[in-house]
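The lines below spell out each chain.
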Amino acid sequence: MQSADVVIIGGAAVGSATALFLRREGFKGRVVVVEKDSSYQWCATGRSVASVRRQFSTHENIELSTFGWQYFNRIKEEYGPEADISLVQRGYAIMASAEGAGILRANVALQQSLGADVELLAPEALNARFSWLNVEDLAGAGWGRSGEGWVDPHAHLALMRKRAIAEGVTYLADEVVGIDIERDAVAGVRLASGGGIATRTIVCAAGWHSRKVAAMAGIDLPVHPRKRYVFVIDCPTPIPGAGLMIDPSGVYFRPEGRYHITGVAPPEDEDPDAEDFDIEDGYFERLIWPTLAHRVPAFETLKVVNAWCCHYDLSTLDHNAILGPHPDVSGFLLACGFSGHGLQHSPGVGRAMAELIAHGHYRSIDLTRFGWARIAANAPLAEANVF
Ligand SMILES: Cc1cc2nc3c(=O)[nH]c(=O)nc-3n(C[C@H](O)[C@H](O)[C@H](O)COP(=O)(O)OP(=O)(O)OC[C@H]3O[C@@H](n4cnc5c(N)ncnc54)[C@H](O)[C@@H]3O)c2cc1C
């Protein structure tokens, strides 16, 4: 049986960032990334809206996004002049009704205190910036003046993976189907191909499959696969200057080339665990279009031209990631539960996991509050800005 110092289960954004940052942190041991789908067509990374915002309510999330944004902006320094992740700098506009105005103000104050270039726009200012937006029932919005936008997630993943391989990380096209535990400690993984890898350290970076992977180690992980649809819409009337606009209902849209993309999380009682990729008939007309047409009257004449589906790895306790060691299974580290904001956090989480493995503690951003202790205590650390 082969052996490795670290086995990372899942080689998409989070797994690949972890592998790469292990090298950045000077880790010299053998790192094996096991990835069951080298085409990456079914993972969240490949189907992500891949947008970056500072507008969170939890300070760790703001700091992770800040690092992510800086990382995405340094891509040419990191990977060379040809490297391109199609970065677009454009703010989020997170809108609030009168009911949500207090929370919006508190969130923006926290974001500003952490250096985020976010301003609070009153309805008149919002209307002056976006003349096509109906602001009559809004109390205002947080607007990211800079430091927010979106990237091409495939391009970013391809760069990280190629660099990690160049730095001696092994990518294995295989599926982890079992985890060996000896005396409450990780001893190895078993592979679908029949072999195995002996190891003392496993990182679970399996995205929306993480619950199943954790179960192989006897862990009941509160991270559930929840379907999310993205619709591509064509609107004959231009709506210039849109950022990533989020209605108080959670319906969002943003430009994508000559189109816009849009989506919304379903109500909680219509959000079962699911692993298929089918798109529910009538979802757009029922849960998205009425809100879009109310918020932007020009959208009344839009056409849906395409749609896709993938899954959030939803952390059902509090919509925050679950990171770091599990107290009952020594050597089993979690990096999952990103609940729809893991792409922007992948560089920061990769660095954090690498710090834990290479140095035994967080060095850059203290992510202790995202650890298992809150799960064990059933003490949510709720993130308010989830969409
Ligand atoms: C529709 C949608 C929109 C999103 N929009 C945004 C956004 O705007 N901004 C943002 O920051 N985030 C967004 N996200 C979330 C973000 O895409 C994810 O949080 C992030 O991509 C998760 O990366 P990951 O590497 O943890 O997981 P994934 O990308 O899901 O990758 C997990 C990998 O593990 C592999 N794997 C699983 N089990 C095994 C196994 N047993 N053996 C071997 N390999 C295994 C899978 O094949 C997969 O490649 C969105 C997600 C969705 C679904």
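Heads up: the structure comes first, above all this text.
Values in this document were obtained by computation on a predicted structure and should not be read as measured data.

The rules behind the values
Residues numbered from 1 in each chain as written. Predicted model: local features only at pLDDT ≥ 70, side-chain atom pairs only at ≥ 80, totals over all residues. Heavy atoms only, no water. Phe/Tyr/Trp six-rings, centres within 6.5 Å; stacked < 30°, edge-to-face > 60°. Helix = DSSP H or I, 4+ residues; strand = E, 2+ residues; numbered from the N terminus. Buried < 20%, exposed > 50% of the residue type's maximum accessible area, 1.4 Å probe, protein only. Lys NZ or Arg CZ within 6 Å of the ring centre and 35° of its normal. Expected span 1.5 Å × (residues − 1). Contact = heavy atoms within 4.5 Å. Near = heavy atom within 4 Å. Polar contact = N/O pair within 3.5 Å; in protein donor to acceptor, adjacent residues only side chain to side chain. Areas by Shrake-Rupley, 256 points an atom, 1.4 Å probe, with all protein chains shown as cover. Nonpolar A, V, L, I, M, F, W, Y, C, P; charged D, E, K, R; others polar. Bend = angle between axes of the 7 residues up to and from the residue.

Draft legend 1. Geometry of the packing of aromatic side chains. Under the criterion given, the structure shown has 14 aromatic pairs. Between phenylalanine 67 and tyrosine 71 the ring centres are 6.2 Å apart and the planes differ by 45°, which places this aromatic pair in the tilted class. Of this pair, phenylalanine 67 and tyrosine 71 both sit in helix 2 (residues 59-73), four residues apart, which is roughly one turn of the helix. The burial state of phenylalanine 67 is the same as that of tyrosine 71; both residues are buried. Look at phenylalanine 130 and tryptophan 132: their rings are 5.3 Å apart centre to centre, the planes differ by 50°, and that puts the pair in the tilted class. Taken together through their ring pairs, the aromatic side chains of Phe130, Trp132, Trp143, Phe253 and Phe299 make up a single cluster. A cation over an aromatic ring shows up here: arginine 53 above the ring of phenylalanine 56, its NZ or CZ 3.9 Å from the ring centre. The cationic tip of arginine 351 hangs over the ring face of phenylalanine 67; the distance from NZ or CZ to the ring centre is 3.6 Å.

Draft legend 2. Just helix 1 (residues 13-24), in detail. Compared with an ideal rise of 1.5 Å per residue, which puts twelve residues at 16 Å, helix 1 spans 16 Å between its outermost C-alpha atoms and is within 8% of the ideal. Most of helix 1 is tucked away: eleven of the twelve residues are buried. Along helix 1, the residues that are buried comprise Ala13, Val14, Gly15, Ser16, Ala17, Thr18, Ala19, Leu20, Phe21, Leu22 and Arg23. Two residues or fewer after helix 1 comes glycine 26, characterised by a positive phi angle close to 85°.

Draft legend 3. Structural context of the environment of isoleucine 279. In this fold, isoleucine 279 is placed in the loop between strand 18 (259-263) and helix 8 (283-295). In contact with isoleucine 279, other than residues within four places in its own chain, are Tyr229, Phe231, Ala307, Trp308 and Cys309.

Draft legend 4. Just the site of the ligand, in detail. Lining the immediate environment of the ligand, one finds 37 residues, of which Glu35, Thr45, Ser51, Val176 and Gln344 sit closest. Here an oxygen atom of the ligand and a backbone polar atom of valine 14 are 3.0 Å apart. A distance of 3.2 Å separates an oxygen atom of the ligand from a polar atom in the backbone of alanine 50. Burial of the ligand by the surrounding chains reaches 97%, relative to a free accessible area of 1000 Å². Those elements that place two or more of their residues in the shell around the ligand are helix 1, strand 3 (31-35), strand 19 (303-315) and helix 9 (342-359). A per-class count over the shell around the ligand returns 20 nonpolar, eleven polar and six charged.

Draft legend 5. Region of interest: helix 8. For helix 8, built from 13 residues, the straight-helix expectation of 18 Å at 1.5 Å per residue is met to within 8% by its first-to-last C-alpha distance of 18 Å. In helix 8, a bend of some 40° at tryptophan 289 exceeds every other bend along the element, and proline 290, a proline, comes one to four places later. Residues Tyr283, Phe284, Ile288, Thr291, Leu292, Ala293 and Arg295 constitute the buried set of helix 8. On its buried face, helix 8 sits against strand 6 (92-96), strand 15 (223-234), strand 17 (252-256), strand 18 and strand 19.

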